[in-house]
Amino acid sequence: MIFYISDLHFGHQNVIRFDKRPFETISQMDYTLIQLWNSRVRNEDTVYIVGDFAYRNEKPEEWYLRQLQGKKHLLVGNHDNKLLSNPAAVSYFESIEKMTHVTDGKHQICLCHFPICEWNGYRKGHLHIYGHIHNRREDTFQIMCKRKGAFNAGCMINAYMPVPLDELIRNNQEFGRDTGNGDV
């Protein structure tokens, strides 16, 4: 099975307030994210982490990665520089790219941490999975809501766990409806 998630921000105290995450401490957030991940993902599964795995973390990135099941692929986010300079952490990834294209069932998908208004295959019905904007509903969110086939993999709108494509689409539609932008 293939799963998607972004903006985990393991170890990042300020993200709890920034995203209004339902956690009181970093330890609680990190523990919950690991438990939720492993409740869904098996070692034979593939997980695309669409950027910002950890940030301002005191524990090394490999401490988190060794606990997470599945074959992990990283799409580099703006907060992944520390991870990229850590050879032990890098060794846990099957691939590390700034952007990639994958096939999931009948869908062709462009993966990039940053939202793109028009991606390769956009006019052919290819999808785009991104992160970066978390659960903010500002101008970029408004623009991306109008892009047919664009979906936010942010953990905060996907129940803090990796999700398969059909669930990602459903979660984005529900998140978009909250603002009156029902067609994500």
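The model shown is predicted, which means the values in this text are computed figures rather than measured ones.

The rules behind the values
- Residues numbered from 1 in each chain as written.
- Predicted model: local features only at pLDDT ≥ 70, side-chain atom pairs only at ≥ 80, totals over all residues.
- Heavy atoms only, no water.
- Helix = DSSP H or I, 4+ residues; strand = E, 2+ residues; numbered from the N terminus.
- Buried < 20%, exposed > 50% of the residue type's maximum accessible area, 1.4 Å probe, protein only.
- Contact = heavy atoms within 4.5 Å.
- Areas by Shrake-Rupley, 256 points an atom, 1.4 Å probe, with all protein chains shown as cover.
- Lys, Arg positive; Asp, Glu negative; His and termini not counted.
- Charge placed at Lys NZ, Arg CZ, Asp CG, Glu CD.
- Pairing = 2+ DSSP bridges.
- Axes fitted to C-alpha atoms, helices over the stretch in contact; angles between N-to-C directions.
- Salt bridge = Lys/Arg side-chain N within 4 Å of Asp/Glu carboxyl O.
- Phe/Tyr/Trp six-rings, centres within 6.5 Å; stacked < 30°, edge-to-face > 60°.
- Lys NZ or Arg CZ within 6 Å of the ring centre and 35° of its normal.

Undergrad: Which parts of the structure should I look at to understand the overall build of the protein chain?
TA: The helix and strand tally for the protein chain stands at seven helices and eight strands. On the principal axes, the C-alpha backbone points of the protein chain span a range of 40 × 30 × 30 Å. In the protein chain, which comprises 184 residues, the proportion classed as buried is 52%. Within the protein chain, residue pairs in contact and separated by at least 24 positions form 59% of the contacts whose partners lie at least 6 positions apart. Put simply, the protein chain shows about 8900 Å² of open surface, and 48% of that area lies on carbon and sulfur atoms. Distance from the positive charge centre (22 side chains) to the negative charge centre (22 side chains) of the protein chain: 3 Å.

Undergrad: Whenever I open this one, the sheet that holds strand S6 (residues 107-112) confuses me. Can you help?
TA: Backbone-to-backbone hydrogen bonds join strands into a sheet, with any given pair of strands oriented parallel or antiparallel. With mixed pairing, the four strands of this open sheet are ordered in space as S5-S6-S7-S8. The open sheet has two edge strands, strand S5 (99-104) and strand S8 (150-152), and neither has a second partner. Across the sheet, the axes of successive neighbouring strands diverge by a mean angle of 25°, strand direction being ignored. Note: S5 against S6, six bridges, orientation antiparallel. By the bridge assignment for S6, threonine 103 is matched with glutamine 108.

Undergrad: Please clarify how the side chain of asparagine 38 should be interpreted in this entry.
TA: Here asparagine 38 lies in helix H2 (residues 26-40). Among all residues touching asparagine 38, those that are not within four sequence positions of it are Gln67, Leu68 and Gln69.

Undergrad: Could you clarify how one ought to interpret the pattern of salt bridges in this entry?
TA: Where charged atoms from two side chains of opposite charge come close, those side chains can pair. Overall, the coordinates contain four salt bridges when judged by the stated rule. Between aspartate 19 and arginine 21 there is a salt bridge, and its shortest N-O distance comes to 2.9 Å. There is no split in this pair, since aspartate 19 and arginine 21 are both buried.

Undergrad: Please explain unusual backbone geometry as it appears in this structure.
TA: Where the residue is not glycine, phi is negative for most of them; where a peptide bond is considered, it is trans in most cases. Residue aspartate 7 is not a glycine yet carries a positive backbone phi of 55°. Here aspartate 7 shows up in the loop between strand S1 (2-5) and helix H1 (13-18). Looking at aspartate 7, the relative accessible area reads 0%, which means it is buried. With phi around 55°, arginine 56 is a residue other than glycine that occupies positive phi space. Residue position: arginine 56 is located in the loop between strand S2 (46-49) and helix H3 (61-65).

Undergrad: Even after reading the chapter, I still don't get the packing of aromatic side chains, so can you show me in this structure?
TA: The relative placement of two aromatic rings is captured by the distance of their centres and the angle of their planes. Taken as a whole, this structure holds eight aromatic pairs when the rule is applied. Ring centres of phenylalanine 10 and phenylalanine 53 lie 5.0 Å apart, and the angle between their planes is 55°; this geometry places the pair in the tilted category. With a gap of 43 residues between them, phenylalanine 10 in the loop between S1 and H1 and phenylalanine 53 in the loop between S2 and H3 connect regions that are remote in the sequence. Residue phenylalanine 10 shares its accessibility class with phenylalanine 53, and that shared class is buried. The ring of tryptophan 63 carries lysine 59 above its face, with NZ or CZ at 4.0 Å from the centroid. Its guanidinium or amino end placed over the ring of phenylalanine 175, arginine 137 lies 3.7 Å from that ring's centre, counting from NZ or CZ.

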